[in-house]
Amino acid sequence: MKKTSVYLCYLLRHHPEEADLTMDRHGWVDVEELIRGVNRRGKYRLDRETLEELVARDEKGRYRFNDAHSRIKCCQGHSIPWVEPELVYGTPPRYLYHGTTTAALKKIEASGAIEKRKRHGVHLQPEEERAWQSARRWGLTPVVVKVDAGAMVEDGFSFGMAENEVWLTDVVPARYICDRLYSPAPQ
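Notes on the structure in this doc start here. (Residues numbered from 1 in each chain as written. Predicted model: local features only at pLDDT ≥ 70, side-chain atom pairs only at ≥ 80, totals over all residues. Heavy atoms only, no water.)

**Concerning the packing of aromatic side chains**
In step 1: On inspection of all chains with the given rule, the structure shows three aromatic pairs.
In step 2: Note on Tyr-7 and Tyr-10: the rings are 6.3 Å apart at their centroids and 20° apart in plane angle, and the pair reads as stacked. Separated by three residues within a single helix, Tyr-7 and Tyr-10 lie in helix α1 (residues 2-14), roughly one turn from each other.
In step 3: A ring pair is formed by Phe-157 and Tyr-176, whose centres lie 5.5 Å apart and whose planes are at 75°; its orientation type is edge-to-face. Of this pair, Phe-157 sits in the loop between α6 (149-154) and β9 (160-161) while Tyr-176 sits in the loop between β11 (171-173) and β12 (177-181); the two residues are 19 residues apart in sequence, bridging distant segments of the chain.
In step 4: On the basis of relative accessible area, Tyr-176 is assigned to the buried category, the value being 5%. (Phe/Tyr/Trp six-rings, centres within 6.5 Å; stacked < 30°, edge-to-face > 60°. Helix = DSSP H or I, 4+ residues; strand = E, 2+ residues; numbered from the N terminus. Buried < 20%, exposed > 50% of the residue type's maximum accessible area, 1.4 Å probe, protein only.)

Now the structure itself:
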C-alpha cells in the first residue's frame, strides 16, 4: 500500500503523463482514468476499493476526492508548473513547523532561506508532529524547524492553506526560523 501511495503522489503531483492522465488546472483527475492508467503501466494494481482505502488511511491527508468520489487530486506538493493549488489565503497560526533533514538545514542556512524549489510553495505544518512525519520520510537525520509565521505576516508575507491544513508560502527567510528541533518526538 505504501509503495502504491508513493506512486500515486508521483503521478498526481509530478508526472500525470506517465499514466496518460488528463489533469485540470487544479490537479483533479478522473478516478476511473487513474485506475486504468495505473493498471496499464503494470507496476502496481489499483481498484476503487484500494484507492478509497489509500485515501482514507493517508496520515497526511494528501489526497482529496470530490463529493461524488469521481475525481481525485493531491492537495499540494505539485511540481507541475501550470497546476494552481486550491488554497485559502489567510493568517496562519503564530508558529508553523517545517520538516527537513540536517543536510538540507545546512543548505537552508547557507542560502539564507527555505526555498520552494520546483513546488508551488514551502510546506509548513501547524503541528510539530506532522512536521516530524515529513522530516522522517527522507531516511536521513530528521530535523524540524519552528517558523515565526506571525512575524512573517507582520512583515507582509502571504500564506495559503491547502485542504489538508498544510500552509504554503513562497519563501521562508532564515531569520524567521526561531528554533531547530533535533530530537524527534515519539512516533
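There is more to say, and it comes next.
**Describing the environment of Arg-45**
In step 1: Positionally, Arg-45 belongs in the loop between α2 (31-41) and α3 (48-57).
In step 2: Considering only alpha carbons, one finds Arg-45 and Arg-71, 26 residues apart in sequence, at a separation of 19 Å.
In step 3: Here Asn-39 takes part through its backbone oxygen, which lies 3.3 Å from a polar atom of the side chain of Arg-45. (Polar contact = N/O pair within 3.5 Å; in protein donor to acceptor, adjacent residues only side chain to side chain.)

**So, the side chain of Ser-134**
In step 1: Take Ser-134: it is sitting in helix α5 (residues 128-136).
In step 2: For Ser-134, a relative accessible area of 11% puts it in the buried group.

**Some details on the packing of α1 against α2**
In step 1: Relative orientation of the contacting elements α1 and α2 amounts to 115°, with a least axis distance of 12 Å. Like other packed secondary-structure pairs, α1 and α2 cross with a definite hand, here right-handed. For the pair α1 and α2, contact is made by Tyr-7, Leu-8, Leu-11 and Leu-12 and by Leu-34, Val-38 and Arg-41, respectively.
In step 2: Residues of the contact of α1 with α2, tallied by class, amount to six nonpolar, no polar and one charged. (Axes fitted to C-alpha atoms, helices over the stretch in contact; angles between N-to-C directions. Left-handed = near helix turned anticlockwise from the far one by under 90°. Contact = heavy atoms within 4.5 Å. Nonpolar A, V, L, I, M, F, W, Y, C, P; charged D, E, K, R; others polar.)

**Considerations on the sheet that holds strand β8 (residues 142-148)**
In step 1: If you walk across this open sheet you meet the three strands as β5-β8-β12, and the pairing is antiparallel. At either end of the open sheet lies a strand with only one pairing partner, and these are β5 (95-101) and β12. Neighbour to neighbour, the strand axes of the sheet diverge by 25° on average, direction disregarded.
In step 2: When β5 meets β8, the two strands line up antiparallel, connected through seven bridges. Bridging from a neighbouring strand, Tyr-97 pairs with Lys-146 of β8. (Pairing = 2+ DSSP bridges.)

**Remarks on unusual backbone geometry**
In step 1: One non-glycine residue, His-69, lies in positive phi territory at about 60°.
In step 2: Take His-69: it is sitting in the loop between β2 (63-65) and β3 (71-74).
In step 3: Given a relative accessible area of 29%, His-69 falls into the partly exposed group.
In step 4: One non-glycine residue with positive phi stands out, namely Glu-165, at about 70°.
In step 5: For Glu-165, a relative accessible area of 43% corresponds to the partly exposed category.

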